[in-house]
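So the chains spell out like this:
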Amino acid sequence: GFERSEVGVLDHKVANEELMAYQELVNPQTNVVRYSAPDGGHDDTVIARMLAYHVLGDSVGEPAILDW
């Protein structure tokens, strides 16, 4: 959604820090991709935003701002 400019986020320090720290990890032996917060970090707001985006799906006509 971000890459296609379908959604944006408000300036919320904690939520945006979690989003920026969220990472993709690829297991080099199996090529399985895993997404998560770094060790000791949190991803609650990232998951909440993803769930909200998933629920909205294609019903979003204009860009939406998810205000957490």
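Refer to the structure above for everything that follows.
Residues numbered from 1 in each chain as written. Predicted model: local features only at pLDDT ≥ 70, side-chain atom pairs only at ≥ 80, totals over all residues. Heavy atoms only, no water.

J.: How should the overall build of the protein chain be read in this particular structure?
T.: In terms of helices and strands, the protein chain carries 2 helices and 4 strands. Put simply, the protein chain runs from its N terminus to its C terminus through helices and strands in the order β-α-β-β-α-β. Each of the 68 residues in the protein chain was classed as buried or not, and the buried ones make up 18%. Of all intrachain contacts in the protein chain linking residues separated by at least 6 positions in sequence, the fraction that spans at least 24 positions is 50%. (Helix = DSSP H or I, 4+ residues; strand = E, 2+ residues; numbered from the N terminus. Buried < 20%, exposed > 50% of the residue type's maximum accessible area, 1.4 Å probe, protein only. Contact = heavy atoms within 4.5 Å.)

J.: What's the story with helix H1 (residues 13-21) in this structure? I'm lost.
T.: Owing to its 3.6 residues per turn, the α-helix brings residues three or four apart onto one side. Taken residue by residue, H1 has Ala15, Asn16 and Glu18 as its buried positions. Take H1 and look down its axis: the buried residues cluster within an arc of 155 degrees, on one side only. Opposite its buried face, H1 presents the exposed residues Lys13 and Met20, each directed more than 90 degrees away. (Arc of directions from axis to C-beta.)

J.: Would you explain the environment of Tyr35 in this entry?
T.: Along the chain, the position of Tyr35 falls in strand S3 (residues 33-36). Not counting the four nearest positions on each side in its chain, Tyr35 is found in contact with Tyr22, Gln23 and Glu24. A distance of 3.0 Å separates the side chain of Tyr35 from the side chain of Glu24, its partner in a polar contact. (Polar contact = N/O pair within 3.5 Å; in protein donor to acceptor, adjacent residues only side chain to side chain.)

J.: Can you walk me through unusual backbone geometry in this structure?
T.: Backbone geometry follows two general trends: most residues other than glycine have a negative phi, and most peptide bonds adopt the trans configuration. Phi at Asn31 takes a positive value of approximately 60 degrees, unusual for a residue other than glycine. In this structure, Asn31 sits in the loop between strand S2 (23-26) and S3.

J.: Before we go on, may I ask you to explain the environment of Val26 in this structure?
T.: Here Val26 is to be found in strand S2. For Val26, a relative accessible area of 43% puts it in the partly exposed group.

J.: Hey, could you run me through the side chain of Thr45 in this one?
T.: Within the element layout of this structure, Thr45 appears in helix H2 (residues 44-56). Those residues in contact with Thr45 that sit more than four places away from it in its chain are Ala15 and Glu18.

J.: For this particular structure, what's the right way to read the pairing of S3?
T.: Relative to S3, S2 is paired through 4 bridges, and the arrangement is antiparallel. Counterpart to Gln23 in the pairing with S3 is Ser36. In sequence, S2 turns back onto S3 through a hairpin of 6 residues, with Asn31 there showing a positive phi of about 60 degrees. (Pairing = 2+ DSSP bridges.)

J.: When you look at the packing of H1 against H2 in this model, what are you seeing that I'm missing?
T.: Angle between the axes and distance between the axes: these two values describe a pair of packed helices. Direction vectors running N to C along H1 and H2 enclose 85 degrees, while the axes themselves pass 8 Å from each other. Looking at the two axes, H1 sits roughly perpendicular to H2. Taken together, the residues of H2 that come into contact with H1 (itself represented by Ala15, Asn16, Glu18 and Leu19) are Asp44, Thr45, Val46 and Arg49. Each residue belonging to the contact of H1 with H2 can be placed in one class, and the counts come to 3 nonpolar, 2 polar and 3 charged. (Axes fitted to C-alpha atoms, helices over the stretch in contact; angles between N-to-C directions. Parallel < 35°, antiparallel > 145°, perpendicular 65-115°, else oblique. Nonpolar A, V, L, I, M, F, W, Y, C, P; charged D, E, K, R; others polar.)

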